Amino acid sequence: MINKNSKIFVAGHNGLVGSAIVRKLKEKGFKKILTISRSKLDLTNETKVYNFLRKKKPKFIFIAAAKVGGIYSNNKFRAEFIYSNLSIQNNIIHSAFRCKIQDLIFLGSSCVYPKFCKQPIKEEYLLNGKLETTNEPYAIAKIAGIKMCESYNKQYKTNYKCLMPTNTFGPNDNYDKLSSHFFPSLIRKIHDLKKKRIGNLVIWGDGTPKRELIFVDDLADACVFFMKKKIKETLINIGTGKDFTIKSYADILLKIINPNTKTRIIFDKTKPNGTPRKVLNINLAKKYGWEAKTNIREAIKITYQDYLKNNS
Ligand SMILES: NC(=O)c1ccc[n+]([C@@H]2O[C@H](COP(=O)([O-])OP(=O)(O)OC[C@H]3O[C@@H](n4cnc5c(N)ncnc54)[C@H](OP(=O)(O)O)[C@@H]3O)[C@@H](O)[C@H]2O)c1
C-alpha cells in the first residue's frame, strides 16, 4: 500500500512532465521523493539502473524520462528516438521487476495510435492501423513499453500502468527552435514577434487541423491519482477530450501574449497539415473518477509567465 512515507522514484524529474509530478507529489504531502540527475545515472545503462533500484528500493516508479521532441527532431533523429526510449524503458521496467517493485507508471504518448484512427481515440484502437511516419520510431518504442508492462502484468502479476497523454504544455517546457512541440513553438514565435514589433505569424498548413492539449499540472494530477488507484486495464488515455484548431490556439495565444498586436496569421499552405484530427476518448479515466480541471486560458497564462521567467 502506497502512503505519504513511501519512497517514490521520479525518473526524468527535470523534464516538463517529471518536474510537474514532483511538484504534485510534494503538494499532496509525499515526503520521500527520489530523483537523480542524468550525469549521475544514465538510464540507458542497464547495469547502473539495476544497481540503483536494488540499492534504493523505491515503492513506486514514474517513468517520465524519455527522448522527446517535435516533428522535426522525431523525423531527423529516428535512430536515437527508438534506441534511447527502448533502452530507458526496458532498463527501468525489467530492473523494477527484478527488484520486486510491484508498481509503476510508464508514460507514453497519444502518437502510439494509428495515423488515421477513428475519433475520439479509444485505448482499444492501439495497433489497428499504420502509424504516422515522422514519429514512427518513437511510437514503436512507446508501444513496446506498453506491451512490456502488459506482458509483465500477465505473466508476473505486477501492477504496471501505462498512461497515454495527449499534447502536453506548461512550466518547464522545451522552447527550442528545432526540437519543440507545436504549442511551445507557437508561444516562442508569438513572443519573438512581440519583441520585434513587426512581422507576421507564419503557421505551417492551413490552420484547420484540430489538436487536443492538456496542462502538465493536470497530467501530473492524473499520474498521482492513478498511482494509488487499482485498475484492471494496463493502458489508459489522459486528455481533456476537447480539441481546437491550430488557428484557434494561435488566436488565443496572440490575445494573451500580445493583445494589442496587429500581427497577421499567414498560413503556409505549401507545408503539410499533418493528421486532420487527434482527440482522445477519455471515458476510461472518467469512469475511474479522474478529469482535467484547469481552464485552458488560465493554464496558458501560467505557462507564459514561466516562459518569461526562464527564456527571455
Ligand atoms: N511533452 C509532451 O507533449 C508529451 C505528450 C505526451 C506524452 N509525453 C510523455 O511524457 C514523458 C516525459 O516527457 P517530457 O515532455 O517531460 O520530456 P522532457 O521535458 O524532454 O523530459 C525528459 C526527461 O528525461 C530525462 N532523460 C532523457 N534521457 C535520459 C537518460 N538517458 N538518462 C537519464 N535521464 C534522461 C531528461 O533529462 P535531462 O533533463 O538531463 O535532459 C529529462 O529530464 C515522455 O515519456 C513523453 O512521451 C509528453
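Whatever comes next refers back to the structure up there.
Residues numbered from 1 in each chain as written. Predicted model: local features only at pLDDT ≥ 70, side-chain atom pairs only at ≥ 80, totals over all residues. Heavy atoms only, no water.

**A short note on the site of the ligand**
Then step 1. Residues in close proximity to the ligand total 25 residues, the closest being Leu-16, Val-17, Arg-38, Tyr-138 and Lys-142.
Then step 2. Measuring from an oxygen atom of the ligand, one finds a side-chain N or O atom of Arg-38 at 2.9 Å.
Then step 3. Taking Leu-107, its main chain carries an N or O atom lying 3.1 Å from an oxygen atom of the ligand.
Then step 4. A total of 900 Å² of accessible area belongs to the ligand in isolation, and the protein chains cover 83% of it.
Then step 5. Counting only elements with at least two residues in the shell around the ligand, the list comes to helix 1 (16–27), helix 5 (136–156) and strand 6 (167–169).
Then step 6. Of the residues in the shell around the ligand, the class split is twelve nonpolar, ten polar and three charged. (Near = heavy atom within 4 Å. Polar contact = N/O pair within 3.5 Å; in protein donor to acceptor, adjacent residues only side chain to side chain. Areas by Shrake-Rupley, 256 points an atom, 1.4 Å probe, with all protein chains shown as cover. Helix = DSSP H or I, 4+ residues; strand = E, 2+ residues; numbered from the N terminus. Nonpolar A, V, L, I, M, F, W, Y, C, P; charged D, E, K, R; others polar.)

**Section: empty space enclosed by the protein**
Then step 1. On inspection of all chains with the given rule, the structure shows one cavity of 30 Å³ or more.
Then step 2. Quantified by volume, the largest cavity comes out at close to 30 Å³.
Then step 3. Taken together, Ile-63, Ala-65, Ala-66, Asn-85, Ile-88, Gln-89, Phe-106 and Lys-142 form the lining of the largest cavity.
Then step 4. Element by element, the count of residues in the lining of the largest cavity is highest for helix 4 (residues 78–98), at three residues. (1 Å grid on protein atoms, 1.4 Å probe; cavity = no way out; pocket = protein on both sides within 12 Å on 5 of 7 lines; lining within 4 Å. Points joined across faces, edges and corners; volume = space filled by probe spheres on them.)

**A few points about the pattern of salt bridges**
Then step 1. Evaluation of the coordinates by the stated rule reveals 15 salt bridges.
Then step 2. One salt bridge in this structure joins Asp-221 and Lys-28, with 3.8 Å as the shortest N-O distance. Here Asp-221, found in helix 7 (residues 216–228), pairs with Lys-28, found in the loop between helix 1 and strand 2 (32–34); they are 193 residues apart in sequence, far enough to count as distant.
Then step 3. On the accessibility criterion, Lys-28 (35% relative accessible area) is partly exposed.
Then step 4. Across the pair Asp-221 and Lys-293 runs a salt bridge, and its minimum N-O distance is 2.9 Å. With Asp-221 in helix 7 and Lys-293 in the loop between helix 9 (283–287) and helix 10 (296–311), this residue pair connects regions lying 72 residues apart in the sequence.
Then step 5. The class for Lys-293 is exposed, based on a relative accessible area of 63%. (Salt bridge = Lys/Arg side-chain N within 4 Å of Asp/Glu carboxyl O. Buried < 20%, exposed > 50% of the residue type's maximum accessible area, 1.4 Å probe, protein only.)

**Looking at the nonpolar core**
Then step 1. Counting residues in each nonpolar core, the largest one holds 42 residues, and the members touching the most others are Leu-43, Leu-53, Ile-61, Ile-92, Leu-104, Tyr-113 and Ile-146.
Then step 2. Broken down by secondary-structure element, the contributors of at least two residues to this core are strand 1 (7–11), helix 2 (46–56), strand 3 (60–63), helix 4, strand 4 (103–107), helix 5 and strand 5 (159–165).
Then step 3. The element that contributes the greatest number of residues to this core is helix 5, accounting for seven residues.
Then step 4. Aside from chain neighbours lying at most four places away, what touches Leu-43 is Ala-11, Val-49, Ala-65, Ser-87, Ile-88, Asn-91 and Ile-92.
Then step 5. Counting 31 residues, the second largest nonpolar core, distinct from the first, contains Ala-20, Phe-30, Leu-219 and Ile-238. (Core = buried A, V, L, I, M, F, W, Y, C linked by side-chain atoms within 4.5 Å. Contact = heavy atoms within 4.5 Å.)

**A short note on unusual backbone geometry**
Then step 1. Residues Gln-119 and Pro-120 are joined by a peptide bond in cis, for which omega reads -15°.
Then step 2. Residue position: Pro-120 is located in the loop between strand 4 and helix 5.
Then step 3. Here Lys-57, not a glycine, exhibits a phi torsion of approximately 45°, which is positive.
Then step 4. Within the secondary structure, Lys-57 is located in the loop between helix 2 and strand 3.
Then step 5. Residue Lys-57 is classed as partly exposed on the basis of its relative accessible area of 44%.

**Topic: the side chain of Asn-258**
Then step 1. Considering the arrangement of structural elements, one finds Asn-258 in the loop between helix 8 (246–257) and strand 11 (265–268).
Then step 2. A relative accessible area of 13% means that Asn-258 is categorised as buried.

**Examining the sheet that holds strand 9 (residues 235–238)**
Then step 1. Sheet architecture is open: six strands sit in the order 2-1-3-4-5-9, paired in parallel fashion. For this open sheet the edge positions go to strand 2 and strand 9, each flanked by a neighbour on one side alone. Going across the sheet, the axis of each strand differs from the next one's by a mean of 20°, ignoring polarity.
Then step 2. For strand 4 and strand 5, the ladder comprises five bridges, and the chain directions are parallel. Within strand 5, the position partnered with Asp-103 by the bridge is Asn-159.
Then step 3. Running over the sheet, helix 5 touches strand 4, strand 5 and strand 9 and is turned about 155° from strand 5.
Then step 4. In the packing of helix 7 onto the sheet, contacts are made with strand 1, strand 3, strand 4, strand 5 and strand 9, and the angle to strand 5 comes to roughly 160°. (Pairing = 2+ DSSP bridges. Axes fitted to C-alpha atoms, helices over the stretch in contact; angles between N-to-C directions.)

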